[in-house]
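# What the coordinates show
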Amino acid sequence: MYSSRKVPSQLHIFCILLALLTGFTLFQMKSTPTLQVASCSCTRKNGEQATIDGMTEKLRDSVTFLPLKDLRFYETAMDGNTWFMSSIEDIKEEGESEYLKFPSNVTRGRVLCLKGRDGSEGSKNSYGLAWRNYLPRDAIWMKGVTYIANSHYPYNNIWHGQSALMPFVGWYMKSKCRKPDRWVLFYRGELKTSAVPWLKTLMDATFDGHFNLETFYGNSTSDSPTCFEEAVVMRHNEGKLSVEKRHKLYDLMRCKARMHCNVTSKTKSGIGMTLLLRPASRSFKNSTTVVNIFKKACNKTNNCQLSVAYPHNLTFCEQVEIMSKTDILISSHGAQVTNMIMMDRNSSVMELFPKGWLEHAGVGQYVFQWLADWTGMRHQGVWRDPVADDCLNSTDIDRCVQASFMERKIGHNESYFMEWAERVIGVTQKGRVKKRALSPILCGCELLASS
């Protein structure tokens, strides 16, 4: 049998030692209280700071970068899928272009960061969202407002370029004319550091010289992310802009371009007809004959003046000046027709096509009919060459027509051209509206934004 006498356990011994140690510690604290309290407080603060530092590093490392170009949706980009920054939904407002804003409620207050500057493959460039106070490691901070555009078409074409950048004019007006500090251009997710001079000058004029393209070449390494204090992203061109809003935006761009070029509108009694020629693809087979036909039609009307020009030989301001005097623009289909935005509202456009466009060009052949509507112009129809001379001896005419329709030259039909031109001149005479000289205040963004 076990003895009834109690033997001290290890727990009892530990409690006795703890009591002795506590008494000794209290005696020491009374002797040097300040030293002991300070040591305790310092230790606690150091621990808290270490915890905060650890959390900060975790937040920095938690920023996830995704490819700008989401290859899952790339093949169906024209079917309504968003593959540029695909994880973020657009902000949609009635009558406005869809856009992304950073920071915003959509991003929960996080700013936009970009990484990579590849100019040939958009999937190699990436984006991420970060809290302003917890940016990713080695991040470069860019203050101010940054405009970021992505287009499915290149910026070396004035039609495609202005379509991608025009929505920013709407944002500019909406933000009470706050000018951007920089622009970042992407083409299918690929970084582009230049734009065709016509487009650059138009944007410089519209934003009073604030078209500064960011290249990111100043970054320490190509892997260093760049984060933006504020960023606005447009990725749908004009998107769902209302026609009324488009008219207002193009009015501002037209007015700013004329002011930039010191061009003023004056009341005209006559009619200005301009024929724009192309040097290669979609040029006329016999441009001299075509010029003479329209000159003859113009001469049948008092005070009608025909001008002939090759836009690629003209500066931006020379094109603006010609268009300011133009009531009727005649041209084959091509980017040069974009110059219609520089004409006064209610001016007319006559468009010509080579054989094959109707059958094979798709909806792209109608873009200048749309642009005429968006700018307040009148598209007066098209003429389509019924003959493809280069395919007359082909064993497969349909295949030949399709293979070269983009580059094919355009013939003429004198009787049709005469009748067409006379009809449009008549419409212009009946619908003439007196023009008033431009005043700088009419181009004020603040005035248009409040109207």
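Rules and cut-offs
- Residues numbered from 1 in each chain as written.
- Predicted model: local features only at pLDDT ≥ 70, side-chain atom pairs only at ≥ 80, totals over all residues.
- Heavy atoms only, no water.
- Helix = DSSP H or I, 4+ residues; strand = E, 2+ residues; numbered from the N terminus.
- Buried < 20%, exposed > 50% of the residue type's maximum accessible area, 1.4 Å probe, protein only.
- Contact = heavy atoms within 4.5 Å.
- Areas by Shrake-Rupley, 256 points an atom, 1.4 Å probe, with all protein chains shown as cover.
- Expected span 1.5 Å × (residues − 1).
- Disulfide = S-S within 2.5 Å.
- Pairing = 2+ DSSP bridges.
- Axes fitted to C-alpha atoms, helices over the stretch in contact; angles between N-to-C directions.
- Salt bridge = Lys/Arg side-chain N within 4 Å of Asp/Glu carboxyl O.

### Description of the overall build of the protein
When its secondary structure is counted, the protein shows twelve helices and 13 strands. Of all 451 residues assigned to the protein, the portion counted as buried reaches 45%. For the protein, long-range pairs separated by at least 24 residues make up 76% of all intrachain contacts whose partners lie at least 6 apart in sequence. Surface accessibility of the protein: about 23,700 Å² in total, with carbon and sulfur atoms responsible for 53%.

### What to know about helix H11 (residues 414-430)
Over its 17 residues, H11 extends 24 Å from the first C-alpha to the last, a length consistent with the 24 Å expected when each residue adds 1.5 Å. Check the buried side of H11 and you find it contacts strand E9 (271-276), helix H6 (287-299), strand E10 (304-309), strand E11 (328-332), strand E12 (348-353) and strand E13 (378-384).

### Overview of the state of the cysteines
A complete count under the given rule lists four disulfides for this structure. What pairs with Cys113 in a disulfide is Cys227, and their sulfur atoms sit 2.1 Å apart. Negative torsions about the S-S bond denote left-handed disulfides, and the value of about 105° found for Cys113 with Cys227 makes this one right-handed. In this pair, Cys113 sits in strand E3 (residues 111-115) while Cys227 sits in strand E8 (residues 226-234), placing the two residues 114 residues apart along the sequence. Take Cys113 and Cys227: they sit in the same class, and that class is buried. Paired through a disulfide, Cys391 and Cys400 show a sulfur-sulfur distance of 2.0 Å. With the S-S dihedral at roughly -80°, the linkage between Cys391 and Cys400 falls on the left-handed side.

### Points about unusual backbone geometry
The step from Phe102 to Pro103 runs through a cis peptide bond, and the omega angle for that step is -10°. One non-glycine residue, Asp138, adopts positive backbone phi at about 65°. Phi is positive for Lys176, close to 60°, though the residue is something other than glycine.

### What to know about the sheet that holds E10
Consider a sheet: its strands pair through backbone hydrogen bonds, and that pairing is either parallel or antiparallel. Pairing is parallel in the open sheet, where five strands are placed in the order E10-E9-E11-E12-E13. Every other strand in the sheet has two partners, leaving E10 and E13 as the edge strands with one partner each. The sheet shows a mean angle of 15° between the axes of neighbouring strands, taken without regard to direction. As defined by bridge partners, E9 adjoins E10 across six bridges and the pair is classed as parallel. If you follow Ile271 over to E10, its bridge partner there is Cys304. Its contacts with the sheet put H6 on E9, E10, E11 and E12, and the angle it makes with E10 is roughly 160°. Across the sheet, helix H9 (residues 367-375) lies against E12 and E13, angled at about 165° from E13, the strand it touches most.

### Remarks on the pattern of salt bridges
Scanning the model with the defined rule gives 21 salt bridges in all. Here the salt bridges do not stand alone but share partners, grouping Lys101, Arg178 and Glu230 into one network.

All quantities given are derived from atomic positions and should not be read as evidence of function.
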